[in-house]
Amino acid sequence: MSVNLEKIVNNFIDINDFEYDRKFSRVARLHKYWSRKPWFIIGEYVKKYSNNGETVLDPFCGSGTIGLEAILSGRHFVGYDLNPFATFLAENSLNTDYDENSANNDLNILQEEVSKKIMDLYYVGDDKYILYTILGHKNSQKYNAVIADGLFKNKTKTVLEEKNLNPKIRFSKDLEYPDKKFPKKFYKDRFSYKGVSRVSDMFTKRNLLSLALLYDVIQRSKLANKDLFLLAFTNTLLHVSKLKAENVRPLSVNNFWIPDDFIEENVWWRFLDRLNNVRLAKEALAERSKINDSNGLGRHKIYNKSSLKMKEVKNGSVDYLITDPPYGDTIQYSELSYIWNCWLGKDFRIEEEVIINPVREKGFSEYQNQLKSFIAEAKRVLKKDGYFTLAFQNKDLNIWITVAELIRDRGMTLEDIFSYSTLGSPYNKSWSKFSPKSDFYVTFKNTRGKINSKNKGVHPEEIARDIVDYLGDNNGALFNLNKAYDLFVAVVLSKIFEGYTIYACEKLNVEKVIGLFQQIIESNYGNIQKRLFQNI
Ligand SMILES: C[S@@+](CC[C@H](N)C(=O)[O-])C[C@H]1O[C@@H](n2cnc3c(N)ncnc32)[C@H](O)[C@@H]1O
């Protein structure tokens, strides 16, 4: 094989080695969103592959990480996302204005109008309020609640009386809250067996009333920073829902799951905590924009539409396209954002979502077709010689192969491949627990170059053997499973752009590749060396 493994390995970067100003990571505290890309890496890509005043496009913009880096470096940005919550968040992430006094004024309005009404619902006497109550039947603790004083201090574990545990809750007729039904079944979990079929069932009566009171005041009062308060509100929702337990963060494994010992958390206190995050994020954003705007911020336009047809973007008008599309079935954006969108009264046209979701009968081939449309659109809007970076998690090799072949067949060339270990993930050492954790950033150039002939083929075994030999020098001391797997993905991609077909690639999954490494080590190395491999 003619792949230069040395060169590929040099582009494998441990993200923990990256130097960046950590205080600016606070921008992400504006709101939870899934698979946010590290801003400091995105920033480097934007600067490397586009120039000041040029147009950067992200067709799957999510929370707006790429958009922010683009405008901060003086590029204009166009973003698309089908999820209305994502575009709401992205708009707010790209708005770098922040006036602390004005936010304080708004908070004073809420304090006056609603904080007492809500806090009274959690009052247990003696200047003490419920911080949270454990409600699930599995509770075997000697306490069923934690209370604190009015300043959220002197927390004490206690046993609540029935009247405080189950207070009588009355809703006034004109108070609104979302009563929409959940779809019959979510792909990632269902909860109807826990008595939850509507969004409102996700909350206890006390918390639902508190949320409705709070939402009503945010909507009715003429807040100068309404969006920021709405963001603090939506970011409160999951924490005060039945998805939370003492030791469970809501949706922590990207899955709806109501723990048996769920808790009922104080809505007002959680809201203040989330508001504090929003404010920290906004301060960081404002500070960053001051440092960056020597050339002025770029303009931006964000569309809440499917990017599989970007009517608003003209042929050949984009200088740089950088994006991370949804990868397969791992993160169900529309399901996970359902509660937020319902409270904000926004509809999500899920039929157009790029996703694998068996419950909605969206399988691999439909997803593949969607990626095909996306790549056709990317080709259409990109300028000649413009660059296109795909950021993708490396878990599913088949998705990578599909995407790479589609891009190659559209006549683009491979520019470079980088792999970044994700934050805080030390390299995994055991065969059995292995799951790849790096992010790949693969850049293509829209050269309209001639398409390589495809009459060459390579067997996965050959690739695996070269990698084991390369990393296995020094009796395997350099061998590292993550590196080996990442190298495998990178070599496969390089080969595809050299015009090769990868034989039997439809059966190539993580287990198969790991199996190949194991087989090769087993048959090519002596016992002492094998032991070295096993220990790594
Ligand atoms: C991997 S996420 C992007 C995350 C983003 N890079 C960030 O830093 O927040 C993929 C996004 O694609 C969106 N999406 C799914 N189908 C879409 C479609 N047809 N058109 C536009 N966006 C879509 C999802 O809502 C999701 O926000």
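Coordinates for the structure precede this section.
What you see is a predicted model, and the numbers here were worked out from it, not measured in a lab. (Residues numbered from 1 in each chain as written. Predicted model: local features only at pLDDT ≥ 70, side-chain atom pairs only at ≥ 80, totals over all residues. Heavy atoms only, no water.)

Draft legend 1. The arrangement of the overall build of the protein chain in detail. Each helix and strand in the protein chain was counted, giving 17 helices and 15 strands. A compact globule built from 536 residues should have a C-alpha radius of gyration of about 24 Å, and the protein chain, at 26 Å, falls within 12% of that. If one aligns the C-alpha atoms of the protein chain with their principal axes, the spans along those axes are about 75 × 55 × 45 Å. For the protein chain, the proportion of its 536 residues judged to be buried stands at 57%. (Helix = DSSP H or I, 4+ residues; strand = E, 2+ residues; numbered from the N terminus. Rg over C-alpha atoms; globule rule 2.2 N^0.38 Å. Buried < 20%, exposed > 50% of the residue type's maximum accessible area, 1.4 Å probe, protein only.)

Draft legend 2. Here's a closer look at the pattern of salt bridges. In this structure the tally under the stated criterion is 25 salt bridges. Among the salt bridges present, the one from lysine 180 reaches aspartate 347, with a minimum N-O distance of 3.4 Å. One end of the pair, lysine 180, is in the loop between helix H6 (162-165) and helix H7 (205-220); the other, aspartate 347, is in the loop between helix H11 (338-343) and helix H12 (364-381), with 167 residues separating them in the sequence. Its relative accessible area of 40% is what places lysine 180 among the partly exposed residues. Exposure remark for aspartate 347: the relative accessible area of 57% places this residue in the exposed category. The shortest N-O distance in the salt bridge between aspartate 216 and arginine 220 comes to 3.1 Å. Of the two residues, aspartate 216 and arginine 220 both sit in helix H7, four residues apart, roughly one turn of that helix. Aspartate 216 sits in the partly exposed class, given a relative accessible area of 25%. What you see here is one network of salt bridges that share partners, running through Lys244, Glu265, Arg270, Asp273 and Arg274. (Salt bridge = Lys/Arg side-chain N within 4 Å of Asp/Glu carboxyl O.)

Draft legend 3. Broad picture of the site of the ligand. Not every one of the 24 residues close to the ligand is listed here, only the nearest: Tyr33, Ser63, Thr65, Asp81 and Asp324. Tyrosine 33 places a side-chain nitrogen or oxygen 2.6 Å from an oxygen atom of the ligand. Between the ligand and the protein, one listed contact pairs an oxygen atom with a backbone N or O atom of lysine 37 at 3.2 Å. Of the residues assigned to the shell around the ligand, the class counts are ten nonpolar, seven polar and seven charged. (Near = heavy atom within 4 Å. Polar contact = N/O pair within 3.5 Å; in protein donor to acceptor, adjacent residues only side chain to side chain. Nonpolar A, V, L, I, M, F, W, Y, C, P; charged D, E, K, R; others polar.)

Draft legend 4. Looking closely at the environment of histidine 76. On the secondary structure map, histidine 76 appears in strand E3 (residues 76-80). A sequence separation of 256 residues divides histidine 76 from glutamine 332, and the C-alpha atoms of the two residues are 29 Å apart. Beyond its immediate stretch of four places on either side in the chain, histidine 76 contacts Gly53, Glu54, Thr55, Val56, Gly298 and Arg299. In terms of polar contacts, histidine 76 uses its side chain to reach the backbone amide nitrogen of arginine 299, at 3.0 Å. (Contact = heavy atoms within 4.5 Å.)

Draft legend 5. Representation of the sheet that holds strand E12 (residues 413-421) within the structure. An order of E1-E12-E13-E11-E10-E2-E3-E9 is seen for the eight strands of this open sheet, with the pairing classed as mixed. A single partner strand is all that each edge strand has here, and the edge strands are strand E1 (12-14) and strand E9 (300-303). Each strand of the sheet is rotated relative to its neighbour by a mean of 15°, with strand direction disregarded. In the sheet, strand E2 (residues 55-58) pairs with strand E10 (residues 318-323) via two bridges, with the strands oriented parallel. (Pairing = 2+ DSSP bridges. Axes fitted to C-alpha atoms, helices over the stretch in contact; angles between N-to-C directions.)

Draft legend 6. Main features of the nonpolar core. Within the largest apolar cluster, 80 residues are counted, with the highest numbers of intra-cluster contacts made by Met202, Phe203, Leu214, Phe271, Ile339 and Trp343. Considering every element that reaches this core, the biggest residue donor is H7, with nine residues. Once you skip the residues sitting within four places of it in the chain, leucine 214 turns out to touch Leu110, Val114, Ile118, Phe233, Val267, Trp268 and Phe271. Judged by nonpolar contacts, the second largest core, of 71 residues, contains Phe388, Ala404, Met412 and Ile521. (Core = buried A, V, L, I, M, F, W, Y, C linked by side-chain atoms within 4.5 Å.)

Draft legend 7. Spotlight on the packing of aromatic side chains. Under the defined criterion, the tally for this structure stands at 42 aromatic pairs. With a centroid separation of 5.0 Å and an interplanar angle of 75°, the aromatic rings of phenylalanine 392 and tryptophan 400 are classed as edge-to-face. A relative accessible area of 2% means that phenylalanine 392 is categorised as buried. Here the aromatic residues Phe18, Tyr20, Phe24, Trp39, Phe40, Tyr45, Tyr49, Tyr320, Tyr387, Phe418, Tyr420 and Tyr441 are joined through ring pairs into a cluster of three or more. Here lysine 23 stacks its cationic end above the ring of phenylalanine 24, 5.0 Å away from the centre of that ring. Stacked on the ring of phenylalanine 24, the Lys or Arg arginine 288 has its end atom at 5.8 Å from the ring centre. (Phe/Tyr/Trp six-rings, centres within 6.5 Å; stacked < 30°, edge-to-face > 60°. Lys NZ or Arg CZ within 6 Å of the ring centre and 35° of its normal.)

Draft legend 8. Here's a closer look at unusual backbone geometry. The phi dihedral of aspartate 126 is positive, around 60°, even though this residue is not glycine. Checked against the element boundaries, aspartate 126 lands in the loop between strand E4 (123-125) and strand E5 (128-134). If you check the backbone angles, aspartate 385 has positive phi at about 70° while not being a glycine. Relative to the assigned elements, aspartate 385 resides in strand E11 (residues 382-393).

Draft legend 9. Expanded view of H12. A rise of 1.5 Å per residue sets the reference length of H12, with its 18 residues, at 26 Å; its end C-alpha atoms lie 26 Å apart and thus fit the reference within 8%. Among the residues of H12, those classed as buried are Tyr367, Gln370, Leu371, Phe374, Ile375, Glu377, Ala378, Lys379 and Val381. Its buried side turned inward, H12 meets E2, E10, E11 and helix H13 (397-409). (Expected span 1.5 Å × (residues − 1).)

Draft legend 10. Main features of helix H15 (residues 481-497). With 17 residues, H15 should reach 24 Å at 1.5 Å per residue; the first-to-last C-alpha distance of 25 Å fits that figure. Taken across its 17 residues, H15 has 16 buried, putting it largely inside the fold. Among the residues trailing H15, glycine 499 stands out with phi positive, at a value near 95°.

Draft legend 11. Here's a closer look at the environment of glycine 328. In this structure, glycine 328 sits in the loop between E10 and helix H10 (333-336). When neighbours within four sequence positions are excluded, glycine 328 is seen to be in contact with Ile355, Ile356, Tyr367 and Ile399.

Draft legend 12. Geometry of the pairing of E2. Every second residue of E2 is oriented toward a common face, with Thr55 and Leu57 on one face and Val56 and Asp58 on the other, all of them buried. Summarising the sheet, E2 and E3 pair through four bridges and their orientation is parallel. Paired with valine 56 across the strands is phenylalanine 77, a residue of E3. Once the chain exits E2 it traverses helix H3 (residues 65-72) before rejoining the sheet at E3, and the crossover so formed is right-handed. (Right-handed = clockwise from strand over helix to strand, strands pointing away.)

In short, the description is geometric, and any link to function would need to be established separately.
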